[in-house]
Amino acid sequence: MEPWLFLPPTPWREAISALGTGVLSRLEEIRFRVDVPVMLYTDRESIQLTHEGVPVIARGQDIRRILAILVDHSLYARVEELRQGYITLPGGHRVGVAGRAVWQDGHIVTQTDITGLNIRYARDVNGGAKVLMENLRRRGIAGNSWVIVAPPRAGKTTMLRDLTRWFSQAGWRVVVVDERSEIAGPGTGHRGFDLGPHTDVLEGWSKSEGILTAVRTLGPDMVVVDELGPEADLDAVIKARHAGVEVITTLHGSEQNGLAGARLKRLWQSQIFDAVVFLGRSPGPGAVVGVWPPAPWGRDGIAL
Amino acid sequence: MKGIGALLVLGSAVWLGRALAKPLRRRVMLLEAWANCIGFLIPAIVWQQTPLPTALSDAARAYPILSKVLNSITQQLAERLIDVGTAFERALVEESALRPRDRQLLGDMAAKLGTSATSYQSDMLRTTEALVRQVAKEARGEDLKQARLVESLISLSGLALVILLL
């Protein structure tokens, strides 16, 4: 059984270990919500967690205890993550945290009264990068700077990890700016996922600072960064591209919404990417559902 | 034979006095070690943001007199079943030299350890350190005096017994 399943304490651990291997192999998420049964989510269904036939219910104190155990009783080291609504566990597994925001001077500083935990399994899937690469080359896209756009749980981070490994194994010097420790999934002082022999990881750095530091000090051929956020991130990506560094990054979105998203529109208009790749969940996470070739000969041949 | 008997009685009295005074001396050493240990934890938690089990393991190496208790706590935490307060409580039960007030002080600290941002941890640890130092200072004054008194009284009783027997 995957070690991540043992992260919650008893009685949840026993209940999870009693699940059949069929469920365990497809398990994607465990959700603890206060005062309701714990739910398990696989790729195709949701199941109530039961222990000896009785649904397992998490109370407020249970959720506090689980959170304390998940963060190794060291919340002081996770305040920034908690403020952003998640905790990353060794192995890159992410725990979404739902609670009451604590405001100070007009900013959210942390969360309290935690009422929900969503433990999400980080998978390492080989082969997606190769398929995507072949797909892009078939379309005549020769460059290696791409924006991967997808809705949540469509396999963006998994694809990014596989692409990192692929380029690194091909001899590229890759720097991963891993603000949330999800791509590399390191343990204390150890590497997590295999990201290839030529990959450096800037763990916990903000994306903008990490990208600029990587370009300035680590001499990368490529920078990989997940989920671009505010303007500063976009500025840093554009600077990296102008410095001659390839960048692969991701954005939340979908092909239907297209350029309605301000960030994708700005990246598209900056003409610094060779392709925009859209991923979807069907037939499975990581499925390529659309590709926009480089602007200005982009979608529908319209120069933007 | 009398001389050997007298030496044995005297030796036994000294040994008994030391044995009875040992918990009092140990309490002083423990409290001073705990105060230093908390001082050690402050930079580990506040500055380095070391995970608590690692910080406690490092402290166990730095303060051998606390190593049994601290290692027991880290082992319990590694099982990922209980909280820090419970782990401290269970581990401190094994340390008979501490008084209920000492345990209460350390237990209060343990209940809050690792549960808040560094600034709050820093304030809480500094306050606890000051309190433990104060208790240690009092113990050094009172307990050591009492320990010396117990040793002297029992040794002198042994000596008196020898004189009477001779």
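Note that the structure is a prediction, hence the values are computed from the model and not measured.

Our focus in this paragraph is the overall build of chain B. Summing up its helical and strand segments, chain B has six helices and zero strands in all. Secondary structure of chain B in N-to-C order comes out as α-α-α-α-α-α. Scaling as 2.2 N^0.38, a compact globule of 166 residues should have a C-alpha radius of gyration of about 15 Å, whereas chain B reaches 21 Å, well beyond that. For chain B, the residues scored as buried account for 43% of the 166 residues in total. Residue pairs at least 24 apart in sequence account for 66% of intrachain contacts in chain B once pairs closer than 6 positions are excluded.

Looking now at the pattern of salt bridges. Applying the stated criterion to the full structure yields 20 salt bridges over all chains. Measuring nitrogen to oxygen at the nearest pair gives 3.3 Å for the salt bridge that ties Glu134 of chain A to Lys130 of chain A. Remark: Lys130 of chain A and Glu134 of chain A occur in helix 5 (residues 128–138); sequence separation between them is four residues, near one turn of the helix. Close ionic contact of Arg133 of chain B with Glu129 of chain B constitutes a salt bridge, the shortest N to O distance being 3.3 Å.

All names here are of chain A. An order of 3-2-1-8-7-6 is seen for the six strands of this open sheet, with the pairing classed as antiparallel. With partners counted over all chains shown, the strands left at the sheet margins are strand 3 (46–48) and strand 6 (86–88), one partner each. Each adjacent strand pair in this sheet contributes to an overall mean axis angle of 35°, direction not counted. The pairing of strand 2 (residues 39–42) with strand 3 spans three bridges and is classified as antiparallel. Across the sheet, residue Leu40 finds its bridge partner in strand 3, namely Ile47. Across the sheet, helix 3 (residues 60–70) touches strand 1 (27–33), strand 6, strand 7 (94–104) and strand 8 (107–120), and the angle it forms with strand 8 is around 95°.

A separate point is the domain arrangement of chain A. Residue and element names in this part refer to chain A. Domain boundaries assigned for chain A yield domain 1 (3–120) and domain 2 (128–301). Here the C-alpha centre of domain 2 lies 28 Å away from the C-alpha centre of domain 1. Taken together, the nine residues of domain 1 in the interface contact 10 residues of domain 2. Summing both sides of the interface, domain 1 and domain 2 together bury roughly 830 Å²; the carbon and sulfur share of this comes to 39%. On the domain 1 side of the interface with domain 2, the three residues burying the most area are Tyr86, Gly91 and Arg94, jointly 42% of the side's total. Where domain 1 packs against domain 2, one counts one salt bridge. Among the ionic pairs, Glu182 bridges to Arg94, the shortest N-O distance being 2.4 Å. At the surface where domain 1 touches domain 2, the tally comes to two residue pairs in polar contact (both at pLDDT 80 or more). Residues belonging to the side of domain 1 that touches domain 2 are distributed by class as follows: two nonpolar, four polar and three charged.

Let's shift gears to the packing of aromatic side chains. Residue and element names in this part refer to chain A. Under the defined criterion, the tally for this structure stands at seven aromatic pairs over all chains. A centroid spacing of 5.3 Å and a plane angle of 80° characterise the contact between Trp166 and Phe167, whose relative ring orientation is edge-to-face. Taking relative accessible area as the criterion, Phe167 reaches 1% and is therefore assigned buried. Three or more aromatic residues joined by ring pairs make a cluster, and in this case those are Trp146, Trp166, Phe167 and Trp172. The cationic tip of Arg31 hangs over the ring face of Tyr41; the distance from NZ or CZ to the ring centre is 5.5 Å. A cation sits over an aromatic face here: Arg94 above Tyr86, 5.2 Å from the ring centre.

Time to look at the interface of chain A and chain B. Counting residues at the interface gives 15 residues for chain A and 21 residues for chain B. Of the roughly 1400 Å² buried at the junction of chain A and chain B (both faces included), carbon and sulfur atoms supply 54%. At the junction of chain A with chain B, the criterion picks out one salt bridge. Linking Asp72 of chain A and Arg80 of chain B is a salt bridge whose minimum nitrogen-to-oxygen distance equals 3.6 Å. Top element by residues in the side of chain A that touches chain B is helix 3 of chain A. It accounts for three residues.

Residue and element names in this part refer to chain B. Relative to each other, helix 4 (residues 84–92) and helix 5 (residues 100–112) sit at 155°, their axes nearing to 7 Å. Here helix 4 lies roughly antiparallel to helix 5, going by the angle between them. Note that helix 4 runs across helix 5; the crossing there is right-handed. Between helix 4, through Val84, Gly85, Phe88 and Leu92, and helix 5, the contact on the second element is made entirely by Arg103, Leu106, Met109, Ala110 and Ala111. Looking at the contact of helix 4 with helix 5 residue by residue, the class counts come to seven nonpolar, one polar and one charged.

Rules behind the numbers
Residues numbered from 1 in each chain as written. Chains lettered and ligands numbered in written order. Predicted model: local features only at pLDDT ≥ 70, side-chain atom pairs only at ≥ 80, totals over all residues. Heavy atoms only, no water. Helix = DSSP H or I, 4+ residues; strand = E, 2+ residues; numbered from the N terminus. Rg over C-alpha atoms; globule rule 2.2 N^0.38 Å. Buried < 20%, exposed > 50% of the residue type's maximum accessible area, 1.4 Å probe, protein only. Contact = heavy atoms within 4.5 Å. Salt bridge = Lys/Arg side-chain N within 4 Å of Asp/Glu carboxyl O. Pairing = 2+ DSSP bridges. Axes fitted to C-alpha atoms, helices over the stretch in contact; angles between N-to-C directions. Domains from an automatic or database assignment. Buried area = accessible area lost by both parts, 1.4 Å probe. Polar contact = N/O pair within 3.5 Å; in protein donor to acceptor, adjacent residues only side chain to side chain. Nonpolar A, V, L, I, M, F, W, Y, C, P; charged D, E, K, R; others polar. Phe/Tyr/Trp six-rings, centres within 6.5 Å; stacked < 30°, edge-to-face > 60°. Lys NZ or Arg CZ within 6 Å of the ring centre and 35° of its normal. Parallel < 35°, antiparallel > 145°, perpendicular 65-115°, else oblique. Left-handed = near helix turned anticlockwise from the far one by under 90°.

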